[in-house]
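Single-letter residue listing:
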Amino acid sequence: MIPPGATLGMLGGGQLGRMTALAAARLGYRTHVFTPEPDSPCAQVCAEATVAEFTDHAALAAFAAAVDVVTLEWENVPPEALVMLAEHVPVRPGAGVLTVTRDRIHEKAFVNRLGIKTAPWRPVHSAADVDRAVGALGRPAVLKAARLGYDGKGQVLLRADSDPTAAWHHLGGGNPLDAVVEGFVDYACEISVIVARSPDGSQRGYPTVENQHEHHILARTIVPARIAPAIAAEAENIAARIAEALGVVGLLAVEMFVTRDGQVLVNEMAPRPHNSGHWTLDACATSQFEQLVRAVCGLPLGPTDRPCDAVMENLIGDQVGRWPELVAAPGARLHLYGKREVRAGRKLGHVTWLKGFGVEALG
Ligand code: AMP
């Protein structure tokens, strides 16, 4: 057990790290962030910050010596950095979990080995592979880079008239690439489940929520998901099984599609706090951020009871300009991330609307 008063090391300096550091502070922990970004959202609320590249061995060694446990808010931290840190300090989740979740090929194969369904998919490593995969899976299909994709980046839709070779070159820009082609899912809705897991193997999950994306970016999370209870229970069971099989310590967020005939298909997962769990800050007994701190420090996991239903809306790009109206609205809980530069597609804050607190007609 790592008791309050200890220092949590956070890899990555974005809003997920920021909200984790705030939750850690509430429980009496200090947070030391390691990020290449100067004046990051996380560093603004941390006791200490190291601004360095994840390849800077001297900076990593000094960081390892200064913290009691390391977690992360960005899954693309180079594996070598995690291995190096783990020689000195517990790293939770560990490099093994990240090897699976940072690569769509490993991730989908892992999920399918558990007997859990995904969209039909093929690994592809060349334009010819893409051609064969589209032949096998049909159109439309989606070509996705295996690594480093987020918010729809690194994806190309293969329509009836798309040229697979052109799509391959567009995605890779001529560089060698691992990717997947997956069948297009005509889904009824998108959902996600977040599970927390402790070093002793105890787990606690959050309820299934519904996610609406606009331009491939999460726009809105509706709590609870408007689906049949049996489907929600199946999704929660799937997320719990994956978390256990991965042996993750910390959080695991699993994004899923619900098909029109009621099947649950895993799309992707992330071993960190997730945008679709931001509502837990305001409408849950224990937020996902506090739960992450509890899990990585070996404290008992907190209750995930929900005093009310909620809708979380992201404030993306110039939507952040709505803050004067939101900060004054009854039933609205406003969170801003301290990012100075407003750019299209950039997540700058979110607002959680609490049902029953002057807000009835949501979702
Ligand atoms: P991803 O980066 O895999 O989460 O994809 C981003 C978004 O693209 C998803 O949330 C879906 O809205 C959409 N999408 C991704 N894969 C598929 C698919 N196979 N079929 C239909 N829509 C998809």
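Residues numbered from 1 in each chain as written. Predicted model: local features only at pLDDT ≥ 70, side-chain atom pairs only at ≥ 80, totals over all residues. Heavy atoms only, no water.

## A few points about the domain arrangement of the protein
A common way to express how large an interface is: the accessible area buried when the components associate. Filter applied, for reference: Reported domain spans reflect what an automatic or database domain assignment gives. Every residue pair with non-hydrogen atoms within 4.5 Å of one another is taken to be in contact. As a working definition, buried area equals the accessible area (1.4 Å probe) given up by two parts on being put together, with both sides summed. The rule for a salt bridge is simple: a side-chain nitrogen of Lys or Arg has to be within 4 Å of a carboxyl oxygen of Asp or Glu. Under the scheme applied, nonpolar residues are Ala, Val, Leu, Ile, Met, Phe, Trp, Tyr, Cys and Pro; charged residues are Asp, Glu, Lys and Arg; polar residues are all the others, including Gly.
Partitioning the protein into domains gives domain 1 (7-91), domain 2 (120-183) and domain 3 (187-354). On a C-alpha basis, the centroid separation for the pair domain 2 and domain 3 is 28 Å. Contact residues are listed per partner, giving five residues for domain 2 and five residues for domain 3. With both sides pooled, the region where domain 2 packs onto domain 3 buries about 370 Å², and carbon together with sulfur makes up 37% of that total. Remark: the boundary between domain 2 and domain 3 carries zero salt bridges. Split into classes, the residues belonging to the side of domain 2 that touches domain 3 amount to no nonpolar, two polar and three charged.

## Some details on the site of the ligand
The criterion, for reference: Residues are counted as near a molecule or strand when any one of their heavy atoms sits within 4 Å of it. For the purposes of these results, a polar contact is taken to be a pair of N or O atoms within 3.5 Å, where, inside protein, one atom must be able to donate a hydrogen and its partner to accept one; residues adjacent in sequence count only when each atom of the pair is a side-chain atom. Each accessible area is a Shrake-Rupley estimate made with a 1.4 Å probe; only the visible protein chains count as cover when residues are assessed.
Residues in close proximity to the ligand total 15 residues, the closest being K144, Q155, E182, E190 and E268. At 3.0 Å from a nitrogen atom of the ligand is found a main-chain nitrogen or oxygen belonging to G183. Within the side chain of N267, a nitrogen or oxygen atom sits 3.1 Å from an oxygen atom of the ligand. Protein coverage of the free-state accessible area of the ligand, which is 480 Å², stands at 94%. Grouping the constituent residues of the shell around the ligand by class yields five nonpolar, five polar and five charged. Shared between two domains, the shell around the ligand holds at least three residues of each, these being domain 2 (120-183) and domain 3 (187-354).

## Brief notes about the nonpolar core
Rules: For this analysis, a nonpolar core means a set of buried residues of the types Ala, Val, Leu, Ile, Met, Phe, Trp, Tyr and Cys, connected via side-chain atoms within 4.5 Å. Under the scheme applied here, a residue whose accessible area is under 20% of the maximum for its type counts as buried, over 50% as exposed, and between as partly exposed, the area being computed with a 1.4 Å probe on protein chains only. By definition, any uninterrupted DSSP run of H or I lasting at least four residues is a helix, any uninterrupted run of E lasting at least two residues is a strand, and each is numbered from the N terminus.
One finds Y29, W279 and C297 to be the most contacted residues of the largest nonpolar core, which totals 28 residues. At the level of secondary structure, the elements contributing two or more residues to this core comprise β9 (187-197), β12 (217-223), β13 (250-259), α10 (288-297) and β15 (310-316). Residue assignment places this core across two domains, with domain 1 (7-91) and domain 3 (187-354) each supplying three or more. Among the nonpolar cores identified, the runner-up in size contains 27 residues, and F110, I231, A232 and M269 belong to it.

## Description of the packing of aromatic side chains
Cut-off, in case you're wondering: Working definition: rings of Phe, Tyr and Trp (its six-membered ring) pair if their centres are within 6.5 Å, and the pair is stacked with planes under 30 degrees apart, edge-to-face with planes over 60 apart, and tilted otherwise.
One pass over the full model with this rule turns up five aromatic pairs. Geometrically, the ring pair formed by F34 and F63 is edge-to-face, given 5.3 Å between the ring centres and 70° between the ring planes. Here F34 is found in strand β2 (residues 30-35), whereas its partner F63 is found in helix α2 (residues 57-66), with 29 residues between them in sequence. By relative accessible area, which is 1% here, F63 ends up buried. Here F54 and W74 contribute two aromatic rings whose centre-to-centre distance is 6.0 Å and whose plane-to-plane angle is 20°, an arrangement assigned as stacked. Placement of F54 in the loop between β3 (48-51) and α2 and of W74 in the loop between β4 (69-72) and α3 (79-86) is noted, with a sequence separation of 20 residues between them. By relative accessible area, which is 9% here, F54 ends up buried. Looking at W74, the relative accessible area reads 36%, which means it is partly exposed. One aromatic cluster in this structure is built from F34, F54, F63 and W74.

## As for the sheet that holds β2
Keep this limit in mind: Here the rule is simple: two strands pair whenever DSSP picks up at least two bridges between them. Interaxial angle, 0 to 180 degrees, is taken between N-to-C directions of lines fitted to C-alpha atoms, where a helix line uses only the stretch in contact.
Overall, parallel pairing links the four strands, which are arranged β3-β2-β1-β4 in an open sheet. The two strands at the open ends of the sheet, each matched to only one other strand, are β3 and β4. Sheet twist, expressed as the average angle between the axes of neighbouring strands with direction ignored, equals 20°. Sheet topology note: the β2/β3 ladder contains four bridges and is parallel. Residue pairing across strands places V33 opposite A49, the latter belonging to β3.

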